[in-house]
Amino acid sequence: MQKKNPINVYLLTGFLGAGKTTLLNGLLQQSRDRRNIVIENEFGKVNIDASLVAAQIENIYELTSGCICCSLDNELLEVLGGILRLEEQPDQVFIETTGIADAGNIIGMFSIPDVKARFRLMSTVCVADAENVETRLEQVTEVGKQLSCADVIVLNKTKDLPVPEQLRLQALLENINPLAYITATADGLVAMADLQPQERRIPAPAARLSAGDTACAMPVEKTPHKINTVLFESPQPFDLQMLAFVLEMNFNVYTDQLYRIKGYVAVKDQPEKYLVQSTGNYLSIVPAGTWGDTPPSSTLVFIGKDLKSATIERILRPALK
Ligand SMILES: Nc1nc2c(ncn2[C@@H]2O[C@H](COP(=O)(O)OP(=O)(O)OP(=O)(O)O)[C@@H](O)[C@H]2O)c(=O)[nH]1
């Protein structure tokens, strides 16, 4: 039997009213030549403007028994299973989460081997409302998490925003998530091409690392919202199992503080580099090709609340070989 290609999935997050549905409608309009499925998970909201989307998509699934990031009955997995049973498979699936969803948990579902074999999470897109993202960051923990887990951050509602204010907000978002591609827009207008996976901006091993074998964990930036980034760099390789163990353990322990990890590491006795990704309660460490001309070394970015470089270094050091 011919192996089917995985179905592309785009996960849309962002606080209540940020412009997720508006963005989604724009993406659907750009995808008229594709078979699209939309999964909506919203609290008490009238569904997307049916007249706008009806002609463009095969199906809209509404998940109504709570927030999919935390519902134990895993309604999302059921719907994904249902999609696989459809006679005609879609080309792409858009999932719009509730405004308070913990994006990390949903991303984690796409690393379950059976799900991953059939669905490819292309991008997690977080829509930020320029009018209030800063206030929401202070008020709602999930907003910081949503921004930290995003591959793409869409700063929406910028039409009447003075340019210096827009640049200030972009810089703020960049400090929160230096891994994301950030784009400013109005009415959720974003090109599908901007949502394709790219080699995200994992900082290259820095020349500033001092000579010798010292690991180095340094805070990159502090934001006024207590979300910060710590960059860990070391020329030493990791023990793969030990790295998985310490990261998994600490993600569980610091679940309210550690939002995201991403980076490339060198692994003992392995010629390839490994890509490390973690959001919510899942961790993935997979081979990611050769080092090419660059000497093997490890660079990991940690995003979370009040992260301390000394703590990160203490966590990782036992896994260095
Ligand atoms: N002024 C302005 N309003 C916008 C813009 N983009 C979207 N809106 C409006 O903002 C409101 C919320 O937009 P939605 O797309 O429904 O936001 P959402 O994130 O899906 O909202 P929830 O599903 O409630 O979380 C709507 O009235 C939109 O028309 C924008 O760029 N500028």
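Only a predicted model underlies this, so the values are computations on that prediction, with no experimental measurement involved.

The next subject is the overall build of the chain. Secondary structure summary: the chain contains 10 helices and 13 strands in total. In the chain, which comprises 321 residues, the share counted as buried stands at 42%. Contacts in the chain between residues at least 24 apart in sequence constitute 74% of all its contacts with a sequence separation of at least 6.

In this section: helix 8 (residues 163–176). With 14 residues, helix 8 extends 20 Å between its outermost C-alpha atoms, agreeing within 8% with the 20 Å of an ideal straight helix rising 1.5 Å per residue. Residues of helix 8 that are buried: Leu172, Leu173 and Ile176. Projected down its long axis, helix 8 shows its buried positions confined to an angular sector of 95 degrees, all on one face. Turned more than 90 degrees from where helix 8 packs its buried face, Val163, Pro164 and Leu167 sit exposed. Turning to helix 8, the residues buried within the fold contact strand 5 (119–129), helix 6 (133–139), helix 7 (141–149), strand 6 (152–156), strand 7 (181–184) and strand 9 (227–234).

Of note, Lys157 is a non-glycine position whose phi angle comes to about 65 degrees, a positive value. Judged by the 22 C-beta atoms lying within 10 Å of it, Lys157 is buried. Residues other than glycine seldom take positive phi values, yet Asp269 does so here, at roughly 65 degrees. When you line up the elements, Asp269 lands in the loop between strand 10 (258–266) and strand 11 (273–279).

Now for the site of the ligand. Around the ligand there are 18 residues in total, and Lys20, Thr21, Thr22, Gly99 and Ala186 lie nearest to it. In terms of residue count, helix 1 (residues 20–30) provides more of the shell around the ligand than any other element does, 3 residues in total. Looking at the shell around the ligand residue by residue, the class counts come to 4 nonpolar, 8 polar and 6 charged.

Once that is clear, we can look at the domain arrangement of the chain. Its domain assignment divides the chain into domain 1 (7–195) and domain 2 (216–319). Counting residues at the interface gives 19 residues for domain 1, matched by 17 residues for domain 2. Among the elements of the structure, helix 4 (103–109), helix 6, helix 7 and helix 8 are those that each provide at least two residues to the side of domain 1 that touches domain 2. In terms of residues, the side of domain 1 that touches domain 2 owes the most to one element, helix 4, which gives 5 residues. A breakdown of the residues in the side of domain 1 that touches domain 2 according to their chemical character gives 8 nonpolar, 8 polar and 3 charged.

With that out of the way, let us pick up the environment of Gly99. Relative to the helices and strands, Gly99 resides in the loop between strand 4 (92–96) and helix 4. Taking C-alpha positions, Gly99 is 27 Å from Pro113, a pair spaced 14 residues apart along the chain. What Gly99 contacts, discounting residues up to four positions off in sequence, is Gly14, Phe15 and Leu16.

So, how was this worked out
Residues numbered from 1 in each chain as written. Predicted model: local features only at pLDDT ≥ 70, side-chain atom pairs only at ≥ 80, totals over all residues. Helix = DSSP H or I, 4+ residues; strand = E, 2+ residues; numbered from the N terminus. Buried ≥ 20, exposed ≤ 12 C-beta atoms within 10 Å, placed from the backbone. Contact = placed C-beta atoms within 7 Å. Expected span 1.5 Å × (residues − 1). Arc of directions from axis to C-beta. Near = placed C-beta within 6 Å. Nonpolar A, V, L, I, M, F, W, Y, C, P; charged D, E, K, R; others polar. Domains from an automatic or database assignment.

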